[in-house]
Amino acid sequence: MRVLVTGGAGYIGSHTVLTLLERGDDVIVVDNFANSSPVSLERVAGIAGRAARLHTVDVADEDALDAVFTEEKPDAVIHFAGLKAVGESVAEPLRYYRENLGSTFSLLSVMQRHDVRTLVFSSSATVYGDHQNAPYREDGGFLDAANPYGQTKVMIERILTDLAQADPTWRIALLRYFNPIGAHRSGLIGEDPRGVPNNLAPYVAQVAVGRLAEVGVFGDDYATADGTGERDYIHVVDLAEGHVAALEHLRAHAGVRAWNLGTGRATSVLELIAAFERASGRPIPHRVLPRRDGDLAQAWADTTRAEDELGWRAQRGIAEMAEDAWRWQSGNPQGYETAR
Ligand code: UFG
């Protein structure tokens, strides 16, 4: 299959591009490197033994994207490109709505013009808001999100649902990710956030490697087993394989449908820190701080639908996630920055 991947140089994108290359797909990456490095794609090519074709284009630039489609004639698209920092989205809502919705409109127009109607969209468990209790099910009803970033996911899911209802030839997968962590087992590609990480796993990894001093644990008074927040961490390679399973499903099924990509298991903040301590062999200093605004006590997936319909199930546990993340972080303490 010829698969065009927007945001293919990013964290989840690069792991998915690698999975596609390894199974023999022809891969086209569209990325503007706003929050990623081209080094990730060089590393992916090194691991796979062959490369994706790269177009350094902003997805929101409809004319430039149109030219890419004319040249590459993709069969399907995986759409990762977008802004994703929760706190930043609260401070700059217009930028988030403009960029995430604008690039999606541009992509959908170009796809329509070129008769490409197979799309896998990068959604998030954030669309469940706080209206349901874990485990979250895809058919749990009303979708909402606590911040503008999450709202862009809710809105794009709505737009894609309306589109598939208006034109039944579209084949659209809405993949609701839980908490992707870890790295490819080679340690050559991984998560490389700009600035101080917002998310727990990269923060813990940077403390372990000595880049940051200590982890702040955001609250230890939740109604959970150890009082800290519980999440469904999923290995990024399992997540990448979930995209391939969705693409395969879409070959045989038209319409639009949502699937959770999680493990169905919950891990607390303290358990994740302990897993990184074991993986790195180093103590990880941490201190309890007040709760972070907008955080839920618990979030994990009901994985039944993905198992039944996509035939996909996450294979890798927390120990492997921490070991692989540590191999990446210890081998690349400054991420891709110093690799050129
Ligand atoms: N946490 C800390 N210290 C930190 C960072 C996080 O204790 O420095 C805690 C949080 O309170 C939470 C857990 O670690 O209990 C996980 O937090 P993350 O920020 O890693 O992940 P979230 O579950 O808050 O957010 C993730 C994605 C969002 C997405 C959201 C809901 O980052 O994009 O899941 O699906 F919107």
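Residues numbered from 1 in each chain as written. Predicted model: local features only at pLDDT ≥ 70, side-chain atom pairs only at ≥ 80, totals over all residues. Heavy atoms only, no water.

Novice: For this particular structure, what's the right way to read unusual backbone geometry?
Specialist: With the exception of glycine, the majority of residues adopt a negative phi angle, and the majority of peptide bonds are in the trans configuration. The omega torsion across Ala134 and Pro135 is 0°, close enough to zero to call that bond cis. Relative to the helices and strands, Pro135 resides in the loop between strand 5 (118-124) and helix 6 (148-166). With a phi close to 60°, Phe33 is a non-glycine residue in the positive phi region. Within the secondary structure layout, Phe33 lies in the loop between strand 2 (26-31) and helix 2 (38-48). Take Phe33: its relative accessible area is 16%, and that puts it in the buried class. (Helix = DSSP H or I, 4+ residues; strand = E, 2+ residues; numbered from the N terminus. Buried < 20%, exposed > 50% of the residue type's maximum accessible area, 1.4 Å probe, protein only.)

Novice: Where do I start with the sheet that holds strand 14 (residues 298-299) in this structure?
Specialist: Each strand in a sheet pairs with its neighbour through backbone hydrogen bonds, running either in the same direction (parallel) or in the opposite one (antiparallel). Strand order in this open sheet of three strands is 12-9-14, and the pairing throughout is mixed. Here the strands that pair on one side only, and so sit at the sheet edges, are strand 12 (267-268) and strand 14. Where strand 9 (residues 230-231) meets strand 14, two bridges bridge the pair, whose relative direction is parallel. Within strand 14, the position partnered with Glu230 by the bridge is Gln298. (Pairing = 2+ DSSP bridges.)

Novice: What am I meant to see in empty space enclosed by the protein here?
Specialist: The probe, sized like a water molecule, is rolled over the atoms to show the empty space still left. Scanning all chains against the criterion turns up two cavities of 30 Å³ or more. Size it by volume and the largest cavity reaches roughly 90 Å³. In terms of lining residues, the largest cavity is bounded by Tyr11, Ile181, Gly182, Ala183, Glu191, Ala201, Pro202, Ala205, Phe276, Ala325, Trp328 and Gln329. Elements represented by at least two residues in the lining of the largest cavity include exactly helix 7 (200-208) and helix 11 (318-331). Here the residues of the lining of the largest cavity are counted per class, giving nine nonpolar, two polar and one charged. The calculated volume of the second largest cavity comes to roughly 40 Å³. (1 Å grid on protein atoms, 1.4 Å probe; cavity = no way out; pocket = protein on both sides within 12 Å on 5 of 7 lines; lining within 4 Å. Points joined across faces, edges and corners; volume = space filled by probe spheres on them. Nonpolar A, V, L, I, M, F, W, Y, C, P; charged D, E, K, R; others polar.)

Novice: I keep staring at the layout of surface pockets and nothing clicks. Help me out?
Specialist: In this structure, the second largest pocket encloses a volume near 270 Å³. The wall of the second largest pocket is formed by 13 residues, among which Leu143, Glu157, Thr161, Leu174 and Arg176 lie closest to the centre. Of all the secondary structure elements, the ones that give two or more residues to the lining of the second largest pocket are helix 6, strand 6 (171-177) and strand 11 (255-261). If one sorts the elements of the lining of the second largest pocket by residue count, helix 6 sits on top with four residues. Class assignment of the residues belonging to the lining of the second largest pocket gives a composition of five nonpolar, two polar and six charged.

Novice: Before we go on, may I ask you to explain the packing of helix 5 (residues 93-113) against helix 6 in this structure?
Specialist: Geometry of a packed helix pair, given as the angle between the helix axes and the separation of the axes. At their nearest, the axes of helix 5 and helix 6 sit 9 Å apart, and the two run at 25° to each other. In this view, helix 5 runs roughly parallel relative to helix 6, as classed from their interaxial angle. Relative to helix 6, helix 5 is oriented so that their crossing is right-handed. Of helix 6, the residues touching helix 5 (which contributes Pro93, Tyr96, Tyr97, Asn100, Leu101, Thr104, Phe105, Leu108 and Gln112) are Pro148, Tyr149, Gln151, Thr152, Met155, Ile156, Ile159, Leu160 and Leu163. Its residues assigned to classes, the contact of helix 5 with helix 6 shows 13 nonpolar, five polar and no charged. (Axes fitted to C-alpha atoms, helices over the stretch in contact; angles between N-to-C directions. Parallel < 35°, antiparallel > 145°, perpendicular 65-115°, else oblique. Left-handed = near helix turned anticlockwise from the far one by under 90°. Contact = heavy atoms within 4.5 Å.)

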